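# Structural description and commentary
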Amino acid sequence: MSHSIIHFDYDFSPYGQKTKLLLTAAGVKYKKCDQPVVLPRPDLEALGITYRRIPLLAVGKDVYADSALIIDLITSKLATSGAVATSPADKAFETWGNVTFVEMLGIIPPQALTPEFVKDRETIFPLVKRSDLKSLRPSTVAGFQSRCREVEERFLSNGSGPYMNGDKLSLADVHFIWCVRWGMKDLGAANEAGCGKDAFPKLWKMIESLPPAEPEVLRSEEALKTIKDSKFFADAATSVMKGDPLGLSAGTPVTIESADAKPGAHVQVGKLVGTSPSEVVLEVGSDGVRLHFPRIGYIVRAQ
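Residues numbered from 1 in each chain as written. Predicted model: local features only at pLDDT ≥ 70, side-chain atom pairs only at ≥ 80, totals over all residues. Heavy atoms only, no water.

Along the chain, the regular secondary structure elements total nine helices and 10 strands. Here the chain has a C-alpha radius of gyration of 20 Å; the compact-globule value for 303 residues is 19 Å, and the two agree. Projected onto its principal axes, the C-alpha coordinates of the chain cover approximately 60 × 50 × 40 Å. Counting across all 303 residues of the chain, residues that qualify as buried make up 53%. Pairs at least 24 residues apart make up 70% of the contacts formed inside the chain by residues separated by at least 6 positions. Of the accessible surface of the chain, which amounts to about 13900 Å², a share of 53% is contributed by carbon and sulfur atoms. For the chain, the distance from the average position of its 36 positive side-chain charges to the average position of its 36 negative side-chain charges is 2 Å. (Helix = DSSP H or I, 4+ residues; strand = E, 2+ residues; numbered from the N terminus. Rg over C-alpha atoms; globule rule 2.2 N^0.38 Å. Buried < 20%, exposed > 50% of the residue type's maximum accessible area, 1.4 Å probe, protein only. Contact = heavy atoms within 4.5 Å. Areas by Shrake-Rupley, 256 points an atom, 1.4 Å probe, with all protein chains shown as cover. Lys, Arg positive; Asp, Glu negative; His and termini not counted. Charge placed at Lys NZ, Arg CZ, Asp CG, Glu CD.)

Turning next to the UniProt feature "domain: GST N-terminal" (unreviewed entry) in the chain. As recorded in UniProt, the sites labelled "domain: GST N-terminal" (unreviewed entry) are residues 8–76. Taken as a whole, residues 8–76 contains 39% helix and 20% strand, while its terminal C-alpha atoms sit 20 Å from one another. (UniProt positions renumbered as here; feature names shortened; annotations may be inferred.)

Defined simply, a disulfide is a covalent bond joining two cysteines at their sulfur atoms. Here the structure, examined in full by the defined rule, presents zero disulfides. With no disulfide partner, Cys 148 has as its closest neighbouring cysteine sulfur the one in Cys 195, 5.8 Å distant. (Disulfide = S-S within 2.5 Å.)

Our next topic: unusual backbone geometry. With an omega of 5°, the peptide bond running from Leu 39 to Pro 40 counts as cis. Within the secondary structure layout, Pro 40 lies in the loop between strand 2 (31–34) and helix 2 (42–46). The step from Ile 54 to Pro 55 runs through a cis peptide bond, and the omega angle for that step is 10°. Mapped onto the fold, Pro 55 is located in the loop between helix 2 and strand 3 (56–59). Look at Asp 66: it is not a glycine, yet its phi comes out positive at around 80°.

Counting buried residues along strand 9 (residues 289–294), six of its six residues qualify, which places the element largely inside the surrounding structure. Judged by which residues are buried, strand 9 turns out to be covered on both faces: Val 289, Leu 291 and Phe 293 on one side and Arg 290, His 292 and Pro 294 on the other are all buried. Where strand 4 (residues 62–65) lies against strand 9, three bridges are found, and the strand directions are parallel. Bridge pairing in strand 9 places Tyr 64 opposite His 292. Between strand 8 (residues 279–284) and strand 9, which follow one another and run antiparallel, lie four residues, and Gly 285 among them has a positive phi close to 70°. (Pairing = 2+ DSSP bridges.)

This part covers the side chain of Glu 152. Tracing the backbone shows Glu 152 in helix 6 (residues 133–155). A polar side-chain atom of Glu 152 sits 2.9 Å from the main-chain amide nitrogen of Leu 203. Contact partners of Glu 152, with chain neighbours within four places excluded, come to Ser 157, Phe 200, Pro 201, Lys 202 and Leu 203. (Polar contact = N/O pair within 3.5 Å; in protein donor to acceptor, adjacent residues only side chain to side chain.)

Turning our eyes to something else, we now look at helix 4 (residues 90–104). Helical geometry note: an α-helix holds 3.6 residues per turn, so side chains three or four residues apart project in the same direction. Look at helix 4: 21 Å from first C-alpha to last across 15 residues, which is about the 21 Å you get at 1.5 Å a residue. Along helix 4, the residues classified as buried are Asp 90, Phe 93, Glu 94, Trp 96, Gly 97, Thr 100, Phe 101 and Met 104. Buried residues of helix 4, viewed axially, fall in a sector of 160°; they line one side. On its buried face, helix 4 sits against helix 1 (14–25), helix 3 (67–78), helix 6 and helix 7 (171–186). (Expected span 1.5 Å × (residues − 1). Arc of directions from axis to C-beta.)

Per the stated rule, a full pass over the model turns up 14 aromatic pairs. A ring pair is formed by Tyr 15 and Phe 101, whose centres lie 5.2 Å apart and whose planes are at 75°; its orientation type is edge-to-face. Of this pair, Tyr 15 sits in helix 1 while Phe 101 sits in helix 4; the two residues are 86 residues apart in sequence, bridging distant segments of the chain. Ring plane angle 40° and centroid distance 4.4 Å describe the contact between Tyr 15 and Trp 178, whose orientation is recorded as tilted. Of the two residues, Tyr 15 is situated in helix 1 and Trp 178 in helix 7; the sequence distance between them amounts to 163 residues. Ring pairing ties together the aromatic residues Phe 12, Tyr 15, Phe 101, Phe 125, Trp 178 and Trp 182, which thus form one cluster. Positioned above the aromatic ring of Phe 232, the side-chain terminus of Arg 290 is 3.9 Å from the ring centre. (Phe/Tyr/Trp six-rings, centres within 6.5 Å; stacked < 30°, edge-to-face > 60°. Lys NZ or Arg CZ within 6 Å of the ring centre and 35° of its normal.)

Right, let's talk about empty space enclosed by the protein for a bit. One pass over the structure, following the stated rule, counts one cavity of 30 Å³ or more. Considering only enclosed or pocket space, the largest cavity measures out at about 50 Å³ in volume. Considering the residues around the largest cavity, the lining is formed by Tyr 51, Arg 52, Arg 53, Ile 124, Glu 257, Ser 258, Ala 261, Lys 262 and His 266. Here the lining of the largest cavity is composed, by residue class, of three nonpolar, two polar and four charged. (1 Å grid on protein atoms, 1.4 Å probe; cavity = no way out; pocket = protein on both sides within 12 Å on 5 of 7 lines; lining within 4 Å. Points joined across faces, edges and corners; volume = space filled by probe spheres on them. Nonpolar A, V, L, I, M, F, W, Y, C, P; charged D, E, K, R; others polar.)

As structure tokens, this is what we get:
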């Protein structure tokens, strides 16, 4: 790989943990640039990026947003051949993980819900602003245990382990284990009765077998210079596909935002570079960086 690969995240980020796990399992050499847990994020703003969610993955001068698109990029373009097994069921496991993650938000430790954190997250996760959030924890833990039981008794039912199909980590494994590991370790569910190794021995064996993500950490200045001085990686989606439902031409100033966030809260502006069945690509900032979004879950409008 001749292009630099830089992962933007912070250690507590559950989706950042997921994409780093896949990068590591896929044998991809990458570096990491740490970002603040809450806004603002000056490094990204310096690239012209106001999209607020983490992680982002820069490959050369192309930056990819949304973990779903990042995962598709890793498996299709970046992974070492044969490193991570894929299957037609992968998207179903991806949905399971995303649904489980949302269900788990009621486990967030009260001490983490600082006024600064709540203000930062309320536009994308309204649950954190609920006045009765603390009282949700027992029910949320019970639901989380049921999800863990699904992993233990269904996903890992063959018993050979440590992963679903033996000793090789698959994309399906990544899709369901990231949120469970985050709940157990980062949210403290492991300390709850009924969530330990005695209750879920196969699940815990899997968690403890996951390859550690230990990328080199770049300073902000070095990461920004590397991206700005790089060449483009992507050779697709550099023109608007014929019959695109957006009805926009290349070069149109546009806005894009997450469909599930508060409308207008975190709008990304840029110039439309191109579209494909799976991507929308914008040119952002003053250095010509290209920012890639998936078609699913985003709203694109002419400015």
